Amino acid sequence: TPHGVYASYNPIGLDGIATLLFLLFVLMESIADNQQYAFQTEKYRQKNAGEKLTGYYADGFCQSGLYAVLRKPNYAAEQSIWIAFYLFGVASMNGAVENDQAEIYNNKLKLWWNWTALGWILLVSLFYSSGKLTEQITLKKYPLYKRYQKRVGMYIPFVGPFIWKMLGNSGDDNDDANTAKKQT
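Reading guide: rules and limits
Residues numbered from 1 in each chain as written. Predicted model: local features only at pLDDT ≥ 70, side-chain atom pairs only at ≥ 80, totals over all residues. Heavy atoms only, no water. Salt bridge = Lys/Arg side-chain N within 4 Å of Asp/Glu carboxyl O. Buried < 20%, exposed > 50% of the residue type's maximum accessible area, 1.4 Å probe, protein only. Helix = DSSP H or I, 4+ residues; strand = E, 2+ residues; numbered from the N terminus.

**Student:** Please clarify how the pattern of salt bridges should be interpreted in this entry.
**Tutor:** Scanning all chains against the criterion turns up four salt bridges. With a shortest N-O distance of 3.0 Å, R45 and E51 are connected by a salt bridge. The exposure class of E51 is partly exposed, given its relative accessible area of 37%. The shortest N-O distance in the salt bridge between R71 and E135 comes to 2.9 Å. Residue R71 is located in the loop between α2 (55-59) and α3 (73-99), and its partner E135 is located in helix α5 (residues 117-141); the two are separated by 64 residues in the primary sequence. With relative accessibility at 11%, the residue R71 sits in the buried group. Judged by relative accessible area, E135 falls into the buried class, the value being 4%. Residues joined in a network through salt bridges with shared partners are E42, R45 and E51.

**Student:** Please clarify how the environment of N34 should be interpreted in this entry.
**Tutor:** For N34, the location among the structural elements is in helix α1 (residues 14-48). Residue classification places N34 among the exposed residues on the basis of a relative accessible area of 52%. Note: C-alpha distance between N34 and N74 (40 residues apart in sequence) is 9.8 Å.

What follows is the structure, encoded as structure tokens:
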């Protein structure tokens, strides 16, 4: 029986990939949120107990677990969830291309650039802007955050360090001092 314009679910096709990605990113967001919660809970427990903060707790922000790879792993996962939703839209429109039931989807480029792209584009834009805002707030609150920014990418692993290196900055602790020496 025909399925209409839309394709039925295909667990070994794009539908299956989108499902796996969706589940992976939900898990990643949950892990990141739990890691941040555990870090903040312990930091404030130590503060309230009058203990001297050491290591990452003294720095003030989480830098271990997923936060050692991404500065905002929960934001990255949330954005990726919406991209997985987009892939479901592409997969469903694939039936129109395969069955030639909708003339507007007669080429693969139009399949990939369909109305469902609007959702992830807007969400990624929103998260990028709010991420930049939280970066500014965190930088004002924790001076050592700048070093972390040079070492760890915000949403994509290794992008931050790559950009700093392209700018001629290695991300080492002495970079600011070396720059000051070069200017004098």
